[in-house]
Amino acid sequence: MSRDSQTILLRQRYTGEPRQAAHAFYQSRGLYFGLVPDAGDPQQQLLEAALMLALARAPLPELEDGAPYGLRGVSPDVDRLVLWPAPERLPRLLAQILPTRTPAGVAGVAGLRVRPPSARTDTLLLARPGHRAQLTLRARRRDLAEARTWAEDHGLEPLWTARHPQTDELAAWNHLSEEIPAEERALWSRALRRIALPPTGSRDWATRPPTRQELDGPKPQRIAPRPVGPAGGPARGVIAVTTSRGQAGEGCTTAALALAAALAETGARVAFLGTGAEDPNGLAYLLRDDLPPAGVFTDLTDNIPGRGALRVMTLPTDATRARDLLGQAARAHDTVVLDAGAAIQMRHLVDEADAVIALVPYRPEVWGRTEDTARLLQFLDTEFAAYVADRTENEAFDEAEDDADVYDAEDREDAESWWAAYAHLPHDPDEWPPLLPEESEAAHLGPWRRDFISFLDREGRRRHPATWRAAAAVWADRNSARNARGLRPDEEMHDLGTYLGEHDIKTVRHLADPEAVTRWLLDQFDGLAATGPTILLPRVPEDIDQHQLAEVREGLHASGIPDITTWPELEELRELPFIVAGVTTKTEVAGTAARHLALAAADRLAAQRRTAPCFPERPAASGRPSSPPRASHGAGEWAHSVTDSARTDPPS
């Protein structure tokens, strides 16, 4: 048996998935992320932990073939998880995973909703509305009807048929997310991703979490991440990062740098190309005084783990010379990431790329809006501090009167400018506004609170019809009490029950029609759409609903856009083009976002090679073969031979 076959079999011993699925993972990922990768995103971890808890705390009877918890296997990837149910127990499994109301409370994964993608008949998408985490279940539409019948026959009330999560679902989810510490979430998530391991100790999981030893499996060292390339070979090529219409200021350099670093961390030899001192953006800002002349490579950092490398070079303004240097870089590296930027920068080189990442601005009003009582009250607290600061500048602080003439509630544009901040609440505690004056020393705060609510009232009722009236009715008293305790808007947010009835604490997501979202996205492109770019939505301050995103993805795919991915709103990512050390020292959330983008780009390069068999291979550098000698090298040996032979310096 070949080494590749042994590796695929070892993955199956952990996951229980079909051989074809295990082979597809190894073919596209190798061991860069480990043979059985853990979930890196905290939300994905929590969703998987909740599902595993739902299975372990109320387990189904084991099947005769030993399939644990009604799952015959799972397919874990870096950014997703596919569940393979045992067909004969599928209705019961669905009824156990999806939320139901029982005499003892909410069972299953609270708030989880299911959608059959229109493009497939054998797949169900599981996600909580308004959250980025998701699961894929191999099942059909008719299985949902059977699951509902099974649940009702056993005295359970299905909640998954309701469009929005119910109040008791929200309470159950909040309790779960608060009670499970991060390290325990990681263990439950890993238990689900390694579902096929012998269930030693698993019968005790009804009262305790798994241990790391129980989840190590037969060969923990062999499944660990290491620089072994995909069985099908690396997807080499040039990736251009630009904006849909060539507009500046959308975060091209941020995305390109994170993408290049993530690719280099997989062991690839990556070249990052950007603009120079003539147009000081991106790379020029990053290197500043150490910026080399155009056409000269320099190592960006020597902290790339493993055998990867990340070298950078600025391109000259001369289009012909820039194109020649791009070709040289492509011949000397595994992957080239081109920060094509805006129309006035290197966008004319996009046609030279094998794959294109196009940034399209995220517009909350396009995708829909979320009504969240807690978030709305937090927004009011935050904006009121700014309101007080503004009015203080316009009035004598100690002579403040009941005059709300600072703002015009009838001016839609004035009110709109305030409400636009709702989607961009500060993520960094240092960005919160200063505390209000002490209540005992500022009698004017009471009238100003009434002015403030009056100013925002009309737009509040229009934007938040399900939550505004209840929140506005209690906000002034709550804000005053919190100010007396010296609390900032992000501190001790669990006091809503003191001021609101249980039925008033809501989270409601109003989604825009996916077809309308798709049309809007397609309208954002100029001639770049002909390149079939992967869309990146940068700086998304909230989670996009995964069911809506799936329909948008299908609509875009029908129009020649292969994929769409999202980029979170993080201060760490915004600072990336200014701090060299930040390229390799990202937090887990930022690192996960970068890996998602790298996987999307690598998948696009691989798809280009599969669909264009006549596309010429890039010339080999220093005698390196253009394709790996599969007959004489195992997967690990081949990865080392390619990396070693790529150590020749590229032309300057």
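Within every chain, residues take consecutive numbers counted from 1 along the sequence as written. In keeping with the model being predicted, local features are shown solely for residues with a pLDDT of at least 70 and side-chain atom pairs are shown and tallied solely at 80 or more, while totals for entire chains, interfaces and linings include all residues. Heavy atoms throughout the structure, all of them, feed into the side-chain values; hydrogens and water do not.

### Structural notes on the overall build of the protein chain
Point 1. A count of helices and strands for the protein chain gives 22 helices and 18 strands.
Point 2. With a 1.4 Å probe rolled over the protein chains alone, any residue whose accessible area is under 20% of its type maximum counts as buried; one over 50% counts as exposed, and the rest are partly exposed. For the protein chain, buried positions account for 53% of its 652 residues.
Point 3. Accessible surface is estimated by sampling points in the Shrake-Rupley manner with a 1.4 Å probe; for residues, cover comes only from the protein chains shown. Accessible area of the protein chain: about 28,200 Å², with a carbon and sulfur share of 49%. Numbered from the N terminus, helices here are DSSP runs of H or I no shorter than four residues, and strands are runs of E no shorter than two.

### Quick notes on helix α15 (residues 445-463)
Point 1. Multiplying one less than the number of residues by 1.5 Å gives the expected span of a helix. For α15, spanning 19 residues, the distance from its first C-alpha to its last is 26 Å, which sits close to the expected 27 Å at 1.5 Å a residue.
Point 2. The term bend refers to the angle at a residue between two fitted axes, each drawn through seven residues, those ending there and those starting there. Taken as a whole, α15 carries its principal kink of about 50° at D457.
Point 3. Considered for burial, the residues of α15 that qualify are L445, P447, W448, R449, D451, F452, I453, F455, L456, E459, G460 and R463.

### Things to note about the sheet that holds strand β11 (residues 298-299)
Point 1. Whether two strands pair depends on DSSP finding at least two bridges between them. Overall, mixed pairing links the 8 strands, which are arranged β11-β12-β10-β13-β9-β14-β17-β18 in an open sheet. Each edge of the open sheet is held by one strand with a lone partner, namely β11 and β18 (564-568).
Point 2. The pairing of strand β10 (residues 269-275) with strand β13 (residues 335-341) spans 4 bridges and is classified as parallel. Residue pairing across strands places V270 opposite T335, the latter belonging to β13.

### Let's talk about the packing of helix α3 (residues 42-57) against helix α4 (residues 90-97)
Point 1. Axes here mean lines fitted to C-alpha atoms, for a helix over just the part in contact, with angles spanning 0 to 180 degrees between N-to-C directions. It is the contact of α3 with α4, at a shortest axis distance of 9 Å, that shows an interaxial angle of 120°. On the basis of their axis angle, the class for α3 and α4 is oblique. Two packed elements cross with a definite hand, and for α3 against α4 that hand is right-handed. Two secondary-structure elements touch here, α3 through L51, A54 and L55 and α4 through L93, Q96 and I97.
Point 2. Looking at the contact of α3 with α4 residue by residue, the classes come out as 5 nonpolar, 1 polar and no charged. Here the word oblique covers every angle except those under 35 degrees (roughly parallel), over 145 (roughly antiparallel) and from 65 to 115 (roughly perpendicular). With the far helix as reference, a near helix turned anticlockwise by less than a right angle produces a left-handed crossing, and one turned clockwise produces a right-handed crossing. The contact definition used throughout considers only heavy atoms, calling two residues in contact when any of these lie within 4.5 Å. Residue polarity follows a fixed list, in which Ala, Val, Leu, Ile, Met, Phe, Trp, Tyr, Cys and Pro are nonpolar, Asp, Glu, Lys and Arg are charged, and the others, Gly among them, are polar.

### Some thoughts on helix α18 (residues 514-523)
Point 1. Residues P514, V517, T518 and L521 constitute the buried set of α18. Taken end-on, α18 shows its buried residues confined to a sector of 100°, consistent with a single buried face. Arc definition: directions from the helix axis to the C-beta atoms.

### Structural notes on the side chain of Q524
Point 1. Within the secondary structure, Q524 is located in the loop between α18 and β17 (534-540).
Point 2. Beyond its immediate stretch of four places on either side in the chain, Q524 contacts S244, R245 and V360.

### Regarding the packing of aromatic side chains
Point 1. Side-chain rings of Phe, Tyr and Trp (the six-membered ring for Trp) are treated as a pair once their centres are within 6.5 Å; stacked means planes under 30 degrees apart, edge-to-face means over 60, and tilted covers the remaining angles. On inspection of all chains with the given rule, the structure shows 6 aromatic pairs.
Point 2. Note on F384 and W475: the rings are 5.2 Å apart at their centroids and 75° apart in plane angle, and the pair reads as edge-to-face. Of the two residues, F384 sits in helix α13 (residues 373-394) while W475 sits in helix α16 (residues 468-484), which places them 91 residues apart along the sequence. No difference in accessibility class separates F384 from W475, as the two residues are buried.
Point 3. Among the aromatic residues, those joined into a cluster by ring pairs are F384, Y387, F452 and W475.
Point 4. The cationic tip of R128 hangs over the ring face of W173; the distance from NZ or CZ to the ring centre is 4.0 Å. Charges are assigned to positions over rings by a cutoff of 6 Å between ring centre and Lys NZ or Arg CZ, combined with an angular limit of 35 degrees from the ring normal.

### A word on the packing of α3 against helix α6 (residues 167-179)
Point 1. Contact geometry of α3 with α6 gives a least axis separation of 11 Å together with a crossing angle of 105°. The orientation of α3 relative to α6 falls into the category roughly perpendicular. Facing α3, whose interface residues are L46, L47, A50 and L53, α6 presents W173, L176 and S177.

### Here's the deal with the confidence of the model for the protein chain
Point 1. Scored by pLDDT, the protein chain comes out at a mean of 81, with 85% of its residues at no less than 70.
Point 2. For residues 60-65, every residue scores under 50 in pLDDT, and the model assigns this stretch 11 contacts once sequence neighbours within four places are set aside.
Point 3. The pLDDT score gives, residue by residue, the confidence of the prediction method on a 0 to 100 scale. This stretch, residues 397-404, has a pLDDT under 50; its non-local contacts, to residues over four places away or in other chains, come to 16 contacts.

### Some thoughts on unusual backbone geometry
Point 1. One non-glycine residue, R539, lies in positive phi territory at about 55°.
Point 2. Along the chain, the position of R539 falls in strand β17.
Point 3. For R539, a relative accessible area of 32% puts it in the partly exposed group.

### Topic: the sheet that holds strand β3 (residues 100-102)
Point 1. Overall, antiparallel pairing links the 3 strands, which are arranged β4-β3-β8 in an open sheet. The strands lining the two open edges of the sheet, one partner per strand, are β4 (105-107) and β8 (157-158).
Point 2. In the sheet, β3 pairs with β8 via 2 bridges, with the strands oriented antiparallel. Residue pairing in the sheet places T100 in a bridge with P158 of β8.

### Structural notes on the pattern of salt bridges
Point 1. The salt bridge definition used is simple: a Lys or Arg side-chain nitrogen within 4 Å of an Asp or Glu carboxyl oxygen. Applying the stated rule across the entire model yields 28 salt bridges.
Point 2. Residue E554 is joined to R115 by a salt bridge in which the shortest nitrogen-to-oxygen separation is 3.7 Å. Taken together, the residues span a long stretch of sequence, with E554 in helix α19 (residues 546-558) and R115 in strand β5 (residues 113-115) at a distance of 439 residues.
Point 3. Taking the relative accessible area as the measure of exposure, E554 reaches 21% and is therefore partly exposed.
Point 4. Members of the salt-bridge network, linked through shared partners, are R29, D77, D79, R80 and D603.

### Here we look at the side chain of R478
Point 1. In this fold, R478 is placed in helix α16.
Point 2. R478 gets classed as buried once you look at its relative accessible area, which sits at 0%.
Point 3. Once residues within four sequence positions are removed from consideration, R478 is found in contact with L377, D381, M493, D495, L496 and Y499.

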